[in-house]
Structure formats: structure tokens, C-alpha cells
Amino acid sequence: MSPGFLLTSAFAAASASLVVGARYSRTWLALVVCAAAATLAAAFRVLLGTTDWEWRSNFAIGGEAAHLRLDGVSAVFLVLLCVVAAAGAVYGREYWSDAREPGSAPRGRIAWSAMVLNMGLALLCSNGLHFLVAWELFTLSAYFLIRLDDRRRPARSAAWLYLAASHVASLCLFAFFGVLAARTGSWDLGPMLEHAELAPLFWLVLLGFGVKAGFFPLHVWLPSAHSNAPSHVSGILSGVAIKMGIYGIVRFSGWLVVPPGAGWVVLGLGAGSALVGITFAFAQNDLKRLLAYCSVEHVGVILIGVGGALLAVAHDNAAWGRLALAGALLHVWNHGAFKALLFFCSGSVVHATGTREMSRLGGLWRAMPWTATLFALAAIAVAGLPPLNGFVSEWLLYLGLFDAAALRSAAAWAVLPVAIVLAMAGALALATFVKAGTIVFFGAPRTQVARHAHECGPLMRGPMLVLAGACIALALAPAVLWPALARAVGAWNPAWIGAEPPAALDRLGWTHVVLAGVAVLVALVLVRRVRANGTRRGPTWDCGFAEPTPRMQYTSGAFAGIVGGWSAWLLRTESRYRRPRGAFPARSERVERVPEMVLEHVLAPTGGALVRVALAARKLQHGRLQAYILYLVLGLAGVALIVYFGGAP
Amino acid sequence: MNHALDLLIGLVMGLNLLALGSGRLPSLIRAVSLQGVALGVMPLLMEPEVRWHVALVALATVTGKGLVIPALLRRAMRTANIDREILPFVGFVPSLLLGAGGTIAAMVLAHELPLLPEQTGSLIVPGALASIFTGFLLLIGRSKAIAQVSGYLILENGIYLFGLLLIHAMPLMVEAGILLDLTVGVFIFGIIVDRIQREFDSIDTRKLTTLRE
Amino acid sequence: MNVLLDVLLRAVVWLALAPLLPGIITKTKAWVAGRRGPPVLQLSYDLARLWRKGVVLSTLVSPGFVIGPAVAWVAVFGAALLLPLGALGTGLGFEGDVLLFVYLLALARFCTAWAAMETGSAFEGMGAAREVSYAVLSEAAIIAAVLALCVQSGSTSLVAMLTPAAGAGAVLLAAGLFVVLLAENCRVPFDDPNTHLELTMIHEVMVLDHSGPPLAVILHGASVKLLLFAVFLTEAVLPMGSLTPLAATGALAASVLVVTLATGMTESLLARFAFRRVPLLLTVGFLLCLFALLFAWRGGPA
């Protein structure tokens, strides 16, 4: 079957799901999964084949002929979209079912279909006007998904913040596509490397798509939106929607001439975003907010790869640029898989306990063994540890950076600090996910809700298992994926077509297999030995502490205390502490909150000042005619003075 | 320039960082005095044959910077009963990182400066810049007067290193000027320390803010 | 076949020799203090004894509490097998295995900290928090050191990186890696491996609830890690490539012994640092590695 046929049927199925979604949830699910499967097949046909798929209509939509194009770059993102969209749809059927949420589940399904369809169209559209329409519809449907739970005030305000930020971004994109169309004389998109004068437009691209990608400091909307949306929505937002921003940056940095400093700026933004994002993630006490900030880090990691590739293009170093870009693109897949899995796991926790506050959870593994195991697996992946997929892409990235360093080229000056920052971010990610995983799932339950948790059902578990399988597959057979990545890299920069796989990629895959095998073997031997020697169960020894209570366990705030102290200047944690007083102290408490620094300490004061200035200016307008005439006279006098003094020799 | 000199300047840079990272006054003073000795030896290494006035200058520097001034500081510390812990305004780790960043920046800057060809390969200029930077960092970031005197001494050491560039042209002049400057500086600080001590029973310069009115 | 033999031989060397190092350190400390000290093989005896013992498990822990140490051991051991041992093991390895090396050590840390947190003990939580937080600084130092080796040798494969001499920055690199060795292996002045009930410990406090075979695995893994850092430090500095195979092996063995003795001497002569000084010392280690990197970049003394 040709990609055209597959995509047409997928489009038909997705459109049908939009119509039937409100009433028939079963049919809707089948249609969404079929559409995803058909699109997946088309994307893989393009990725593993040699030719792009292109289609121009002979009729006009909105005054422009439709132009769809599926090449290596868009296919990579389309694959991710299909997998997460289908998994999220299945997951959402139980998580946000009609039975539990009769008010919002139907419109959730419609918004889901609309968002997925428009994301897919945005990936395929090769016409600026149609791209903008699809992009706007995608943004709007995401807004409705975020405020699905609109009885809760935080969800509503998060959605508004998202919409406001998205529109700032849209403004940039309108400007970008408008200027592009005016300069090239057509809305048609494609490689425009002959227009060197369009280079400054890259900054608009970076700003417009950057808000969607959510790198620091444009991430202001991301933590609240991703944490307050229902978890299957958080999964697709973090897994795919922010990658749409990355897609825009990758797409147009490949099609346009970029300004000379672009590589350095993107590399710097990536490194900063990685380190700052993960520092904020580590300090969070809300499980989903932690995951959201972690997405900021991973967007940074991806940008490091893109920035490296741009730098390599500027300095004509194909060898390491390819590796960096391939690492970035693979990380797009990897992050999509494990972050969606993590959000699904957290959704399962929220489903079972009704809270996202880590300090109210604990000991969930007994009630939720599947979720706990899958979360542990995803934690290893997200921390970038071997033998899982997070490591493979970070390894490719590092390899690119190290190769650049080994060449000692001038461009590589940027690479040394970035590699060190990446290592520190990796270590912090490890700390973050040790904290998140163990505080939530291990130790003793801290509250009643944690004690009475229950495991999620098969419809939620199934998609989680699929995503976990994807994580494992991506880790164990990276060499198999190389042709797809090489194709995308070649689509980005035609000069890099036919990139040879790094010889070591195969070795790395085998090492992973051996490592995983040996680890399982040793674990089995040890477990058998422990069984054979006999075990005794008792309370946690804890150096003989007599009466430990669950509340005495290390909390998430305490765990992050050391790093929080180092980065207090950045985090600006607000804490309220009521000490115990007197011989029979009453209730005492300590509440800590990590504000969204850029939003609350930069944007809010700036906005406040603007509003104050505007209010002051409004006093000038009060409807008294005499005063207006006075303004007129004063204005005339001012003009006269300017003319008089300006005109003097 | 020769290898031993560069090694010594490397040592001076290392001691800069040590001074920034040391949490107690005695180790700070030790770093400063070691630096003084290292600087004192340098003129001897720069000349192919040792002339008497250069030797004299070297001897004076080693005794002055390496022995006398540190001894004075130690005595002041003992007689004024100062707590040995340094209280930093700028924490040790940040000041260490800043110092390292400054050292790297000094290296890069010295690379860009239009220097004489025989001095381009040498570490003298970066060493001098780094020491001056370290001195300022200590003056800004530490609260105790003795730590600040040490910062001032390191700053002076940086200027002295610059002076070494001129040693061929007017050796004694440079040395004498520097030493004089230094003596005056230490005197002034000595007087200030004494006054603060008498006034506030402590030499924490933060208390000076009460004089604001 | 040859490769398999090589791997087997090295595995045996790592397995057998690693438990000697803590013994040598203890012996050195005893010698400095004028005592006789336990035999060098004490750790091996302990391991054998622990392997036969029963296990006490907390009622709170999951099977991960036993699996964690096993995976951590495999990770450290895998990292060790990536290192060439003198003339041995130069045939294996691939471009970029140095990153696998660094991240396998991180995997070991993840598993240990995870297992410690499973007990729900505040004490072990504290240890795990310290371990993962300070690792941020030591990770930066290790990557700076690795970058220095990479810049200098122009390769990203451990075997190629470790063959030439470290050049001008060798002293800095050795000092920096030694600081990292002390920090990562819970030696004085970062941590005191002899105490068990100090509030100031990092690594030791994480294994409080382990017993029997899992504890044996943890202790053996720790000794492998110590040997691994000693070997890495030695090979990073010594010009292994310019020696004959026999001489290289001899030099390696002698230098590892020297590093071990130096660790013992450091432990005897230094007191454990106050806790707030630990980041400072780690920063110093990082800066040493960073300056070694800059030296390597400029290709010699400036």
C-alpha cells in the first residue's frame, strides 16, 4: 500500500472519529487506533525507503493548493505522534472514562481527535498558510484538553496561561510565515537555501516554536499545563506536543539559511535549559510537576544536539554534526516514549490515590506492582542510564560532542562546557528519579490514601506496557534504527545523506543485551541464594530506632535539600514554618513551595509594572473637554518647540 | 620564557584558588606567604646571570612578602583574639568557581592583548591578571579585615607580576615602588584593623555599616 | 576464542584482586597507627562468611531491595571490564565506550540509592540524598577528566585514550582523579568507612539494612569500584602504550599499589572534613580536572 493511500485512509478514520467521538467511545477508539496504525505504516515506509512522499492538490483550499510532504524529518515526528496518540487514547478510555467523568469525557475524545489530526496535518503541510491553520487548531484543541478537568481552578488557569503563551508564539509564527511568503512570493514551503537574506527569520522561528517546545526561559506555561491536565493528555503534551516545537526548529533550520551565531545560541539555550530544568524538577514536590520540569530538561538535551548540528554545518564538520543530530532525533523518540510512560504511571497513581503530592504517598508498590515496576524502568530510561533507551540517544549526543572536542576546532570551544553541563544534568536527573520513584512507590505509606491504593486496570496497563516495550526495543537494537535516523539526517541536510552508522552503535546494542542478560542472571542467582540461606522479616532496622512512624521517612523536600541549598538563588523556594512551641506543642508545620521562577519573578513583576503604567496613563483620559483642549495646546507647543530648536543651526 | 618560571606562576595561580577556597585564616595567610616566596624567587629565574641588585630585590621580597608580613598578620590575629573561621559574603564554592573562571578569562585575555613577542608565550600576564582578580574577589567577598588584607596582598602580588615585565628596563625602581606601596597598604590596614578592633571589639567589617549616619 | 579468554582472564583478575585493596588500606592505616591490623584478606573472609549467612529483610522492602545490589554489582563489574589492564583487554572496546563506563557507574549509584530508599528509613534516605547530590559534582569532574583524555588522544575509546601519557596536565589530572577516587569510594576526608553510626556518612549509611549475600555483593562491588578508580587513575597518567606488555602490567600493578597506599596514608593523616566542606573539596577536584582539560587543549604548558 502506498503512503498516499495509507494517509488518506488515516485522515478519513481520524475525521470520522471526530464525528462519532462524542457518542460512541468504542468506535472512536477503534478509529483512532486504525488511523494511528495506518499513519505509522506510511511513516515507516518513507523512513525505511528511499523516496519522500509528496502530494499537491489540483484544487485550492483557502486560495492555496494543498501541498503535503512526508520526508525523513516529518516521518520521525509522525512515528512518535502515532504511537503516543494511540497509546494515550486507549489509556484515556479507562483513565478518563464516561463512567467516571460523564461531563467531560465526550468532549475530551473530540479534542483528542482534533489535536492528533491537526498535529499530523501540521507535520505534513508544506504550505505556510495551511501549516498555520493546522498549528492554530492543534493549539486550540490542546487548550480544551488541558482544561478538561475545568471544575478545578488550577486547571482553568493553567489552560489560560497556555493559551496566552501559545498566542505570543503564534504571533511570531504569523510574522515568520508572512515575511517568508512576502519575500519568496509564495506560501509554498521547502528548501530555500538560496535566499541568504532570510537568515534573520531564524530568530522568529526559535521564539515562535521555542514557546511550544518549552525550553528555558520560554517554558513558563509548561509546568502548570502539563501537571494540571489529565494524565493521558500530559503524556501526549510532554511526549509529542512539545516535540512539535522541536520539529519546527529542526524543519526550518534545515530549510532556511541560519544566521552565523545560531548554533552557539541554540547550544547555549539547550545547555541552560537542561541544567535549569532538571534543577527545578529535582526541587518539586508534585509528581507531575516534577515530570513537567524534566521535560524542560529533555528539550534542552534535544536542543544541544540541534545546536551541535548547526555548529557543525557552520564549520563544515559533517562527522560529528550527523551524530549530534541523530542523537537529538533519537532523543525525540526516546523522550516521547519514556515521558509518556512516566505520565501514564503518574496518572495511574492519581487514579488510585487522588493526589499528586509526593509527601502524601509512599509504599504504593504493594498495591500497584505493575505501575511501580514500569515507573522504575522508565526512571532508568529517563535518567539516561544503560541499558535503556535514554542512554543510547545521550550516547550519540555525547559522541558528537566528544568528537568535536577531539578535533580541537574553534567551534568546539562551546562543546566542552556543554558536555560538562550535560553530565551534571544527567547526575541531577538520576537524583530526581531516585527521589520520585522511591518516595512515591516505596517505604511506608505516608497517608491513608496511599494505604488504600489499587492497581490500574488492563486498558491503562496495556499502553504502559507497549511504551515500556518501545523503551526496551529502542535500547537493545539501536543499530536497526540507524537507517531511519540517517534518512532523517539526510532530509535535514542533503549534504549529509548516506551517513554511515557509527561502528560502535552495533557494539553498544550488543553490550546492552549482554549487560541486561548478565544483570538478570546475577539477580536470579542472588535471589536464589537469599532464599536458600533463609530470610527473616522485621521492621526496618534504621540503627535500632525503636518506634519509627511513616511520617519520619525522608520526604521529597528533604531529599532535594542539598541541591536546593546550592541553587537557592535560582529556585527561590518559599517556605512557611510554624515551630512547635511550649511544653505541649500544638500542631506545627513546614510548607515549602517552589515558585515558577521566570513566571513569578520576571514576567509577573514586568506585567504588573506595565499595567501600572497603563493605569496611570488612563487617568489622562477622563472625558473633560477642557482638558483635551489643553492637551492639544500642549502638544502643539511641544511640536513648535521641537521645530524651533531642531531647526536652529 | 623558561619553564621553571611558568611552573612558579602556575603555582601562584594555584595558590590564588587555594586562598579563595580556604575557610580559615591561618591557611589563607599561609597561601599568601607561599605566594610571596614564589614571587620573590622569580626575578632570579628571569635573568641569565644573577646581578647583585636583583638578588637583593629577591631577598627583600622573600623576607617581606613571605616572612615579615605574614608574621605580622599572624601576630595581629593572635593578639586581637580573632576567630579563625572566615565568614564569607560570597560562599567558598562560588568564589572558587569565580576565581577559576577569572583565571581562564585571564588566559584568554592575555592571548588577545598586544604583548611583546617575547612575552606572548609566558604566563606572567595571565598570572598577574588572575592574581589581581583574586585579590578583588577576596576584598569583595570576605568580611574579616585580615582576610581583606590578604586579598589586598594578593592584588599587590598581581601588580608585582606585571612589574616583572619591566625588570629589564628599570629593575630597582619597580621593586622599590611596589614594596613601598605594599608597606603603606599594610600600615593603613593595620591602623584600620586596630581602630575597628578598639571601637567594636571585633574586626568584622560588616559592623562598619553602623557608622553610616 | 582469544577475546573470550581475555575477558575471562580479566574477570578473574578483577574478582580476585579487588577485595585486596581495602585490606591493604586498612593495613596501611594500622601500620601508621602502630598496630598490627587485620589481615589483608580480611574482606575476602568477610565476603565468604556473609555469602553463607541468612538475610534479615525489612517488611517494607520489595524484591528490588535484593535485585538492586545485584544490578549495581553487574554495572560496576561491566565498567571494570571496559578498562584495559596493561597488555590485557586492548582488543575489545569501541568508540564511545568511555561514556558507557561513566554511565555504568551512574547506574550502580542509581541502584544503590534506590535500594536504600526502599527501606523507608530516614537515615538511609539521608545517605541516598547525599550520595546522589554530591555525585553531581564528581560526575562533572569525571567528565572533565575524560574530556581531557579525549582531547589529548583524539579518541573516544577507552583503550586508545588510556595508552598515551597524560602530557602536561598529568599532575593536575592525577590530583583531580584522586579526589574523585576518595569521594566516590567513601574514603576519608569525605566519609569514614569505619564508622557506621555517624550522622555524617554518605555511602555507608545506605547499606545499613542490607545483610547476608546482598551485603556481600555490595561490599565486593565497592572494592571493585575502588580498584577500578585506581586503575583508571594510573592508566590515565602513565604512558601505557610506550611500554612492553610485561612492563606495562608491572607498572600498572605497582602504581595501583602506590595509589592504594596513598589512600591509606591520606586516611591516616587527614581527619574527615566537616560536612559543609565536602562540596568545596569536590569543586577543587573538578577544577583540577578542568585545568587538566585546558592544558590538554592547549597541547602543553601555555
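Per-chain numbering applies: the sequence of each chain, read as written, is numbered from 1 onward. In the order they appear in the text, chains get letters beginning with A and ligands get numbers beginning with 1. The predicted nature of this model means local features are confined to residues of pLDDT at least 70 and side-chain atom pairs, given and counted, to a pLDDT of 80 or more, with totals for whole chains, interfaces and linings taken over all residues. Side-chain numbers here rest on the full set of heavy atoms in the structure, without hydrogens or water.

(A) Spatial organisation of unusual backbone geometry. Cis geometry marks the peptide bond from Phe216 of chain A to Pro217 of chain A; its omega dihedral reads 5°. Positionally, Pro217 of chain A belongs in the loop between helix 7 (201–213) and helix 8 (222–228). The omega torsion of the bond from Val188 of chain C to Pro189 of chain C falls at 10°, within 30 degrees of zero and hence cis. With respect to the element layout, Pro189 of chain C can be found in the loop between helix 8 (170–184) and helix 9 (212–237). In this structure, Asp316 of chain A is a non-glycine residue whose phi angle is positive, near 60°. We count a stretch as a helix when DSSP gives it H or I for four or more residues in a row; a strand needs E for two or more, and each element gets its number in order from the N terminus. Secondary-structure assignment places Asp316 of chain A in the loop between helix 11 (287–315) and helix 12 (318–353).

(B) Representation of the interface of chain B and chain C in the model. Any two residues whose heavy atoms approach within 4.5 Å are treated as being in contact. Every contact between the two is made by 18 residues of chain B and, on the other side, 14 residues of chain C. Summed over both partners, the accessible area (1.4 Å probe) lost when two parts come together is defined as the buried area. When chain B packs against chain C, close to 1100 Å² is buried across both sides, 75% of that on carbon and sulfur atoms. Per-residue buried area on chain B facing chain C is highest for Val93, Leu96 and Ile104 of chain B; these three make up 33% of the total on that side. Put simply, a salt bridge is a Lys or Arg side-chain nitrogen that is within 4 Å of an Asp or Glu carboxyl oxygen. At the junction of chain B and chain C, the tally comes to zero salt bridges. Contacts described as polar in this section are N or O atom pairs within 3.5 Å, which, within protein, must combine one atom able to donate a hydrogen with one able to accept it, while residues neighboring in sequence count only if both atoms come from side chains. Our count for the chain B to chain C interface comes out at zero residue pairs in polar contact (both at pLDDT 80 or more). The set of elements that each furnish at least two residues to the side of chain B that touches chain C consists of helix 1 (3–21) and helix 4 (92–112) of chain B. In terms of residue count, helix 4 of chain B provides more of the side of chain B that touches chain C than any other element does, nine residues in total. For the side of chain B that touches chain C, the residue count by class is nine nonpolar, seven polar and two charged. Three classes are used, and their members are as follows: Ala, Val, Leu, Ile, Met, Phe, Trp, Tyr, Cys and Pro are nonpolar, Asp, Glu, Lys and Arg are charged, and the others, Gly among them, are polar.

(C) Main features of the nonpolar core. In terms of nonpolar packing, the biggest core is built from 366 residues, with Trp333, Trp395 and Ile420 of chain A together with Trp14 and Phe101 of chain C touching the most fellow members. Residue contributions to this core peak at 21 residues, all from helix 15 (residues 415–441) of chain A. Not counting residues within four places of it along the chain, the set of residues in contact with Trp333 of chain A comprises Leu47, Val76, Val79, Leu80, Leu474, Leu481 and Ala484 of chain A. Working definition of a nonpolar core: buried Ala, Val, Leu, Ile, Met, Phe, Trp, Tyr and Cys residues. They are joined through side-chain atoms within 4.5 Å. Partly exposed describes any residue whose relative accessible area lies between the buried limit of under 20% and the exposed limit of over 50%, with all areas from a 1.4 Å probe on protein chains only and scaled to the type maximum. Met46, Leu123, Leu161 and Leu164 of chain B belong to the second largest nonpolar core, which has 18 residues in total.

(D) Seen up close, the side chain of Glu94 of chain A. Residue and element names in this part refer to chain A. Looking at where Glu94 falls in the secondary structure, it is placed in helix 3 (residues 72–95). In this tally, Lys and Arg are treated as positive and Asp and Glu as negative; His is ignored, and so are the chain termini. Arg461 provides the closest opposite charge to the buried, salt-bridge-free Glu94, at an N-O distance of 7.6 Å. There is a polar contact of 2.8 Å between the side chain of Glu94 and the backbone nitrogen of Gly457. For Glu94, the side chain forms a polar contact with the main-chain nitrogen of Met460, separated by 3.3 Å. Those residues within four positions of Glu94 in sequence are excluded, and the remaining contacts are Arg100, His351, Cys456, Gly457, Pro458, Leu459 and Met460.

(E) How the structure looks around the environment of Val258 of chain C. Along the chain, Val258 of chain C turns up in helix 10 (residues 245–269). Overall, Val258 of chain C belongs to the exposed group, its relative accessible area being 53%.

(F) Molecular detail of the arrangement of the chains. Counting contacts across all two pairs of chains found in contact, the highest total belongs to chains A and C. If you take every C-alpha in chain A and every C-alpha in chain B, the smallest gap between them is 9 Å, and the two do not touch.

(G) Representation of the packing of aromatic side chains within the structure. Residue and element names in this part refer to chain A. Centre distance within 6.5 Å is the pairing criterion for rings of Phe, Tyr and Trp, where only the six-membered ring of Trp is used; planes under 30 degrees apart are then read as stacked, over 60 as edge-to-face, and the remainder as tilted. Under the criterion given, the structure shown has 35 aromatic pairs over all chains. Aromatic pair Phe202 and Trp203: ring centres 5.7 Å apart, planes at 65°, arrangement edge-to-face. Judged by its relative accessible area of 0%, Phe202 is buried. Seen from their ring centres, Tyr398 and Phe402 are 6.1 Å apart, and the 80° between their planes marks the pair as edge-to-face. Of the two residues, Tyr398 and Phe402 both sit in helix 14 (residues 389–407), four residues apart, roughly one turn of that helix. According to the relative accessible area criterion, Phe402 is buried, its value standing at 0%. An aromatic cluster is defined as three or more aromatic residues linked by ring pairs; in this entry it consists of Phe131, Trp135, Phe138, Phe176, Phe177, Phe209, Phe252 and Trp255.

(H) Just the interface of chain A and chain C, in detail. Each partner contributes to the interface: chain A provides 73 residues, whereas chain C provides 79 residues. Summed over both partners, the interface of chain A with chain C comes to about 6600 Å²; 77% of that surface belongs to carbon and sulfur atoms. Across the chain A-chain C interface, the total number found is zero salt bridges. Summed over the shared surface of chain A and chain C, the number is 20 residue pairs in polar contact (both at pLDDT 80 or more). Mapped onto the side of chain A that touches chain C, the elements with two or more residues apiece are helix 13 (369–382), helix 14, helix 15, helix 19 (503–533), strand 3 (535–538) and helix 21 (561–566) of chain A. Counting residues per element, the side of chain A that touches chain C draws most heavily on helix 15 of chain A, at 16 residues.

(I) Main features of a nonpolar patch on the surface. All names here are of chain A. Patch definition: residues with relative accessible area over 30% and no salt bridge; like charges joined within 9 Å; nonpolar side chains (Val, Leu, Ile, Met, Phe, Trp, Tyr) joined within 5 Å. Each accessible area is a Shrake-Rupley result for a 1.4 Å probe, and residues are judged covered by the shown protein chains and nothing else. The grouping of Leu620, Leu625, Tyr628, Ile629, Leu630, Tyr631, Leu632, Val633 and Leu634 at the surface amounts to a nonpolar patch, some 890 Å² of accessible area in total. Tracing the backbone through its elements, the reader meets Tyr628 in helix 24 (residues 625–647). What makes Tyr628 partly exposed here is its relative accessible area of 31%.

(J) Spotlight on the pattern of salt bridges. Here the structure, examined in full by the defined rule, presents 23 salt bridges over all chains. As a salt-bridge pair, Asp6 of chain C and Arg10 of chain C come within 3.0 Å of each other at their nearest N and O atoms. Residue Asp6 of chain C and its partner Arg10 of chain C are both found in helix 1 (residues 2–17); the two are separated by four residues, about one turn of the helix. According to the relative accessible area criterion, Asp6 of chain C is buried, its value standing at 18%. Here Arg109 of chain C ties to Glu139 of chain C by a salt bridge, and the two come within 3.2 Å at their closest N and O atoms. On the criterion of sequence distance, the pair formed by Arg109 of chain C in helix 5 (residues 97–118) and Glu139 of chain C in helix 6 (residues 122–153) is long-range, its members being 30 residues apart. A residue is classified by how much of its surface remains accessible, and Glu139 of chain C, at 3% relative accessible area, is buried. Three or more residues are tied together by salt bridges with common partners; here these are Glu101, Asp149, Arg151 and Arg152 of chain A.

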